[in-house]
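Examination of the molecular architecture
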Amino acid sequence: MRAGVETAEEIVARCREVVEDLSFQTVREWKAQHPKARVVGCYPVYSPVELIHAAGILPVGIFGGGNQIEIAHADARFQSFVCSIVKSTLELGLTGRLDFLDGILFHSICDPARNLASVFQRNFPSLHVDYIHFPQNLASPLAEVYLTQEYRRVLRGLEKIGGQPVTEEALVQAISTMNRWRSLVRELYTLRALQPHLLPAAELYPVIRAGTVLPVQEHIRLLEIFLEGVRRREGKPKDRIRVLVEGSFCEQPPIDLIACLEEAGCYVLDDDFLLGWRWFLEDVPIDGDPVQALARAYIHRSVYSPTKHDLRRRKSDHLLEKVRTLGADAVVVLIPKFCEPALFDYPLYRRALEEARVPHLFVEYEEKMWIFDRVRTEVETFVESLLFD
Amino acid sequence: MAQQAMGSRYQGRIHLLQKELMGQYFQELTQAAENGGPPAAYMLISGNPVELVRAFGMLPVYPEVNALQLAVKKESLPYILLAEQMGYSVDNCAYVKADIGLFFNGLRAPFATFPKPTLILCNYVGCNVYLNWFEHLAEYTGATIFPLDIPFIRDPAQGPSEEDVAYVVGQLEELIAVCERLTGRPLDWERLKEVVRLSQQTGQLWAEIKHLTKNKPCPLDAYFDAVTLMGPLYCLRGTEEGLAFFEEAYREVEERVRHNIGPIPEERFRIVVEGPPPWPYLRTFRDLFARWGAVAVASTYSTVGGMWEFGFAHDPEKPLESIAMHMLYWNLTNRSLLLRYQQIRRYIEEWEADALVIHSVKSCRLFSAGQGDMREYFTKELGVPTLLLESDLEDPRYFSEAQMRNRIDAFFESLEHRKIRGHPVEAAVQHSNFSPGEGEAR
Ligand code: SF4
Ligand code: SF4
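Reading the values: the criteria
Residues numbered from 1 in each chain as written. Chains lettered and ligands numbered in written order. Predicted model: local features only at pLDDT ≥ 70, side-chain atom pairs only at ≥ 80, totals over all residues. Heavy atoms only, no water. Helix = DSSP H or I, 4+ residues; strand = E, 2+ residues; numbered from the N terminus. Rg over C-alpha atoms; globule rule 2.2 N^0.38 Å. Buried < 20%, exposed > 50% of the residue type's maximum accessible area, 1.4 Å probe, protein only. Contact = heavy atoms within 4.5 Å. Areas by Shrake-Rupley, 256 points an atom, 1.4 Å probe, with all protein chains shown as cover. Lys, Arg positive; Asp, Glu negative; His and termini not counted. Charge placed at Lys NZ, Arg CZ, Asp CG, Glu CD. Near = heavy atom within 4 Å. Domains from an automatic or database assignment. Buried area = accessible area lost by both parts, 1.4 Å probe. Polar contact = N/O pair within 3.5 Å; in protein donor to acceptor, adjacent residues only side chain to side chain. Nonpolar A, V, L, I, M, F, W, Y, C, P; charged D, E, K, R; others polar. Axes fitted to C-alpha atoms, helices over the stretch in contact; angles between N-to-C directions. Parallel < 35°, antiparallel > 145°, perpendicular 65-115°, else oblique. Salt bridge = Lys/Arg side-chain N within 4 Å of Asp/Glu carboxyl O. Pairing = 2+ DSSP bridges. Phe/Tyr/Trp six-rings, centres within 6.5 Å; stacked < 30°, edge-to-face > 60°. Lys NZ or Arg CZ within 6 Å of the ring centre and 35° of its normal.

1. Topic: the overall build of chain A
Counting its regular elements, chain A contains 15 helices and 8 strands. Whereas a compact globule of 389 residues would reach a radius of gyration of roughly 21 Å, chain A reaches 20 Å, a difference of no more than 12%. Dimensions of chain A along its principal axes, counting C-alpha atoms only, are 65 × 50 × 45 Å. In chain A, which comprises 389 residues, the proportion classed as buried is 63%. Put simply, 74% of the contacts in chain A that link residues at least 6 apart link residues at least 24 apart. Within the structure as shown, chain A displays about 14,400 Å² of accessible surface, and the carbon and sulfur contribution to it stands at 50%. With 46 positive and 55 negative side-chain charges, chain A shows a separation of 3 Å between the mean positions of the two kinds.

2. Digging into the site of ligand 2
All names here are of chain B. Taken together, Glu64, Cys93, Tyr95, Cys127, Val129, Tyr130, Trp133, Ser363, Cys364 and Leu393 are the residues near ligand 2. A per-element tally of the shell around ligand 2 places helix H6 (residues 129-141) first, with 3 residues. The residues that make up the shell around ligand 2 include at least three from each of domain 1 (2-189) and domain 2 (191-430).

3. A closer look at the domain arrangement of chain B
Interface extent is often summarised as the accessible area lost during association of the parts. Residues and elements named next belong to chain B. What the domain assignment lists for chain B is domain 1 (2-189) and domain 2 (191-430). Here domain 1 and domain 2 have C-alpha centroids that lie 21 Å from each other. Contact residues are listed per partner, giving 71 residues for domain 1 and 70 residues for domain 2. Carbon and sulfur atoms make up 63% of the surface buried where domain 1 meets domain 2, a total of about 6,300 Å² over both sides. At the surface where domain 1 touches domain 2, the tally comes to 29 residue pairs in polar contact (both at pLDDT 80 or more). Mapped by element, the contributors of at least two residues to the side of domain 1 that touches domain 2 are helix H1 (13-35), helix H2 (50-55), helix H3 (63-72), helix H4 (76-85), helix H5 (94-104) and helix H7 (162-183). Residue contributions to the side of domain 1 that touches domain 2 peak at 8 residues, all from H1. Grouping the amino acids of the side of domain 1 that touches domain 2 by side-chain chemistry returns 45 nonpolar, 16 polar and 10 charged.

4. Description of the site of ligand 1
Residue and element names in this part refer to chain A. Neighbouring residues of ligand 1: Tyr43, Cys83, Ile85, Val86, Ile109, Cys110, Cys250, Glu251, Phe338, Cys339, Glu340 and Pro341. For the shell around ligand 1, the secondary-structure elements that each account for two or more residues are helix H4 (84-94) and helix H14 (340-355). Partitioned by chemical class, the residues of the shell around ligand 1 number 10 nonpolar, no polar and 2 charged.

5. Description of the packing of helix H1 (residues 8-20) of chain A against helix H9 (residues 216-231) of chain A
All names here are of chain A. Where H1 contacts H9, the axes come no closer than 8 Å and their chain directions differ by 135 degrees. In terms of axis orientation, H1 runs oblique to H9. From H1, Ala8, Ile11, Val12 and Cys15 reach across to H9, where they touch Leu222, Ile225, Phe226, Gly229 and Val230. Residue classes in the contact of H1 with H9 are distributed as 8 nonpolar, 1 polar and no charged.

6. Digging into the pattern of salt bridges
In the structure shown here, the tally under the stated rule is 63 salt bridges over all chains. B:Glu248 is the partner of B:Arg13 in a salt bridge, and the nearest nitrogen-oxygen pair spans 2.7 Å. With B:Arg13 in helix H1 and B:Glu248 in helix H10 (residues 240-258), the pair connects residues that are 235 residues apart, well separated along the chain. By relative accessible area, which is 39% here, B:Arg13 ends up partly exposed. Taking the shortest distance from any N to any O, the salt bridge between B:Arg197 and B:Glu194 comes out at 2.7 Å. Residue B:Arg197 and its partner B:Glu194 are both found in helix H8 (residues 189-212); the two are separated by 3 residues, about one turn of the helix. Look at the salt bridges and you will find they share partners, linking A:Arg77, A:Arg122, B:Asp373, B:Glu376, B:Lys380 and B:Glu381 into a network.

7. Some details on the environment of A:Ile62
Residues and elements named next belong to chain A. As for its placement among the helices and strands, Ile62 is situated in the loop between strand E2 (57-61) and H4. Classification of Ile62 by relative accessible area gives buried; the value is 0%. Taking the C-alpha atoms as reference, Ile62 lies 24 Å from Val166; in sequence the two are 104 residues apart. Contacts of Ile62, omitting those with residues within four sequence positions, involve Phe24, Gly41, Cys42, Tyr43, Pro44, Thr89, Leu98, Leu101 and Ile104.

8. A look at the sheet that holds strand E8 (residues 294-299) of chain B
Residues and elements named next belong to chain B. Pairing is parallel in the open sheet, where 4 strands are placed in the order E8-E7-E9-E10. Taken across any chain shown, the strands that pair with only one partner, and hence form the sheet edges, are E8 and strand E10 (386-391). Recorded for the sheet is a direction-independent mean angle of 30 degrees between the axes of neighbouring strands. Here strand E9 (residues 355-361) runs beside E10; their pairing, made up of 6 bridges, is parallel.

9. Some remarks on the packing of aromatic side chains
Describing an aromatic ring pair means giving the distance of the ring centres and the angle of the ring planes. Counting across every chain of the model gives 46 aromatic pairs over all chains. Arranged with centres 4.9 Å apart and planes meeting at 55 degrees, the rings of A:Phe120 and A:Phe124 form a pair that is tilted. By relative accessible area, A:Phe120 is classed as buried at 1%. For the cation-ring pair, B:Arg335 lies above B:Tyr329, with the distance from its terminal atom to the ring centre recorded as 4.1 Å. Note that B:Arg335 overlies the ring of B:Trp330, its terminal NZ or CZ placed 5.4 Å from the centroid.

The following block contains the structure:
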């Protein structure tokens, strides 16, 4: 990242450049400057990046190719009815764009992502591919024990790539760094929920997404400057509806689609973009065994998510609570085409929202979209129906 | 083209007996729904722990089997549409939609009425859709749900770790406590051992049947006929009737081997089939292969509920551990795609198959996502002729007979030429020493 970036607007522009660069130039440069350093990719949704940091490795978010890539090879491996991010991620790999990676982590989020892990293993035999199985029996005390062991297993793999044993100090340090990063992100989200007219989602999103690519310390400084800049902004809200966006936790919508929602008359109070990177509702405690602390935080302090089946409380209750706390007028259910977990949550959300008389709009998208006329019309009609009701 | 008469298929005693047994099973469920009966435990097929449910005297109900029956009887579409009206996506697994439709139709299907669940046992073995499905059922019914979390096999070379096994056994103990509360009685461990012993014997017979299909001619179609045996394997495993059925099945298959009888008059191609069948068009689909004299000698689909042919058996002396191992490792669904490549490769080599047929179904991404890579591996790495077909296992809207026929005909025509020119596929297999689980490729 260029030195001397100062205004919030400049930061947005630079971050957008970083996240839209599918050659991962910033990571490549970083690697060239740190010849011994290793890089591990993190497929969505949640990856315990602290473990990666503690092993002295740079974690990098791998979110497919968005609308910047043409699928020429991956569609021979994955069928038409599989979501786009699975194919575009494989395409990144098959076209050599991920050759800077030493490893990649996949997670138990859905069947296509899991099978993608296998396909990566076969097609890139020198890459360290690991698959984390997150517990789904979260009410059981056994889940914490299990996940702690699972993290230790993952750590052993990372130690091999990193070439050094991971110390407890390094883990504690990583947790506290990520705590700092996440608390800045939470601050931005809180600020945005209160004054969405000062911080459009189309700006917030690329700024945070850049944090999945840049070294964390560098990004923390960037967030601090950005936060200051946004705080200095002034302006009056326009006549728009205030919405929550739900459903884009894995495959990400194009930035221009997010902008389109806003231009069509929505203020986004909250969203689930990049959800896995923001995962925790509060800091991960750093007393006691850090690996166990991370596992425990997953079970007790993480956000609700379509890929985490926490039967202690219904997801729709979480959603409704968010609607009430933030005072949203409506929910935009923004789901990538063929996304199994998101699409499955929808009927339950719809039922709960209708019962609670919260209006909602269902929008399907694909990351590779670049024309948004249809969506714009749908959103405009929806907004009008609420504003002039 | 030397095609055989249409519709020639094996209809032996097994099929009649199966019909009778499954009829009784559905009657029992209907009886329980209408007049009360033992508490019903809803469960999923993959690596199902039916032994525990049986030991508590509960009735196992498998929504997948119910959805499948709807499809076989060509009744699934209205149920699917009902769910789609509620907001379920056209792109989500149609088993789930048919079942949700069934629930909102008062649990009434043309062939049975189903009891409401007392326990929703979400045995999360591989399929992530399961979690959604049973979460929804729990919300709609208000019944007690227990999510039995089975860690996926992350290390193909090692299998499940000791910690994984202990984690599952610990959860089974929690599950026992839940069942004790729901049924109001403590677990009878002797009874459990007895059920597990019945399972052990049943599994062994099933494994032996699967090895009999190595014979030439293959005595029964390991895809189309094997699915007939799967109903009793899941619904009646751990019961005396279930065991008796498999004894009878074994006798019959063995007798057919002795008399050189196959499911079609002349076995011309031996195939391995990967993926679930298109239930709404099962017969049509079968005939498309039968007319070419193609017989399945092995199939992956018949291992979703459990994989017995490679040495697994339940152990009555270690009931919980062996149930845990069954769920963790000895089934297809909890294994990675690469382990599935190995499984198929073994079938091709040891069962001496000529080709691989992949039936790619839209509903089930557990099976289908990445099957293009599988085709790549088998054709390019191993030189195994591979046919990839697409339709669905439940939704009749995705089956095009004409297209299927064209692709199947073209495939077998070229396979026939290949045979005539004398290119045995075994040779191609032997030249490659790639073994996917070991992470070596290309
Ligand atoms: S977008 Fe949805 S279906 Fe696709 S990989 Fe992500 S969670 Fe799975
Ligand atoms: S996705 Fe496949 S395994 Fe899962 S419920 Fe559907 S058909 Fe069954």
